[in-house]
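Summary of structural features
One letter stands for each residue in the lines below.
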Amino acid sequence: MDITDTLPTECMSHIISLTTPRDACRLSVACRVFKSAADSDSVWEKFLPSDYKEIISSSVSNSSLITSFSSKKDLYFHLCHNSIIINGGTLRLVLEKESGKKYYIPVGVVQRFIPWGDIPDDWI
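Criteria and thresholds
Residues numbered from 1 in each chain as written. Predicted model: local features only at pLDDT ≥ 70, side-chain atom pairs only at ≥ 80, totals over all residues. Heavy atoms only, no water. Phe/Tyr/Trp six-rings, centres within 6.5 Å; stacked < 30°, edge-to-face > 60°. Buried < 20%, exposed > 50% of the residue type's maximum accessible area, 1.4 Å probe, protein only. Core = buried A, V, L, I, M, F, W, Y, C linked by side-chain atoms within 4.5 Å. Helix = DSSP H or I, 4+ residues; strand = E, 2+ residues; numbered from the N terminus. Pairing = 2+ DSSP bridges. Salt bridge = Lys/Arg side-chain N within 4 Å of Asp/Glu carboxyl O.

On to the packing of aromatic side chains, then. Summed over the entire model, instances satisfying the criterion amount to four aromatic pairs. Pairing Y76 with F77 gives two aromatic rings, centres 5.3 Å apart and planes at 90°, and the pair type is edge-to-face. The class of Y76 is buried, set by a relative accessible area of 0%. Site record: aromatic cluster; members linked through ring pairs are W44, F47, Y76 and F77.

Below is the structure:
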């Protein structure tokens, strides 16, 4: 007996939504039925932050993001790869791809490389 024949797609989607975005992507390549369940908006809605609509609508320039993507999965990956400016232009929001965790980064912060080594001067 094959589980994909006995469980409705909605049930499989719910089960997949209890995992992680990475697991959902892995399951989507396992078989056609899992792909349908894993790619559903109900799954990716759970991976997006619960307040994603409010965040996007209050963003400085991307308030149309919610309607500009054909699926919640596409929106999720857009937010992982592209920050949006929020809080009056003072913060950038980025989602961490593997978990959907929100990261707020001040707009003026520039990433810097800090060399760590065995030389005591590196620690000053």
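The structure having been displayed, the exposition proceeds.
Core analysis: the biggest nonpolar cluster contains 21 residues, and L48, I56, L75, Y76, L79 and I84 have the highest contact counts within it. Secondary-structure elements contributing two or more residues to this core are helix 2 (9-17), helix 4 (32-38), helix 5 (41-47), helix 6 (52-57), helix 8 (72-81), strand 1 (84-86) and strand 2 (91-95). Counting residues per element, this core draws most heavily on helix 8, at four residues.

What follows is about the pairing of strand 2. Along a regular strand, successive side chains alternate from one face of the sheet to the other. Here strand 1 runs beside strand 2; their pairing, made up of three bridges, is antiparallel. By the bridge assignment, I86 is partnered in strand 2 with L91. Counted between consecutive antiparallel strands, the loop separating strand 1 from strand 2 contains four residues, among which N87 sits at a positive phi close to 55°. Both strand 2 and strand 3 (residues 102-106) contribute to a ladder of five bridges, which runs antiparallel. In the strand pairing of strand 3, L91 is matched with P106. The antiparallel hairpin formed by strand 2 and strand 3 contains six residues in its connecting segment, where G100 sits at a positive phi of about 85°.

On to the pattern of salt bridges. In this structure the tally under the stated criterion is five salt bridges. Note that K73 and D39 form a salt bridge whose closest N and O atoms lie 2.9 Å from each other. Of this pair, K73 sits in helix 8 while D39 sits in the loop between helix 4 and helix 5; the two residues are 34 residues apart in sequence, bridging distant segments of the chain. Looking at K73, the relative accessible area reads 18%, which means it is buried. Between K102 and D51 there is a salt bridge; the shortest N-O distance is 3.0 Å. Of this pair, K102 sits in strand 3 while D51 sits in the loop between helix 5 and helix 6, and the two are 51 residues apart along the sequence. Using a relative accessible area of 28% as the deciding quantity, one classes K102 as partly exposed. Linked by salt bridges that have partners in common, K35, D39 and K73 make up one network.

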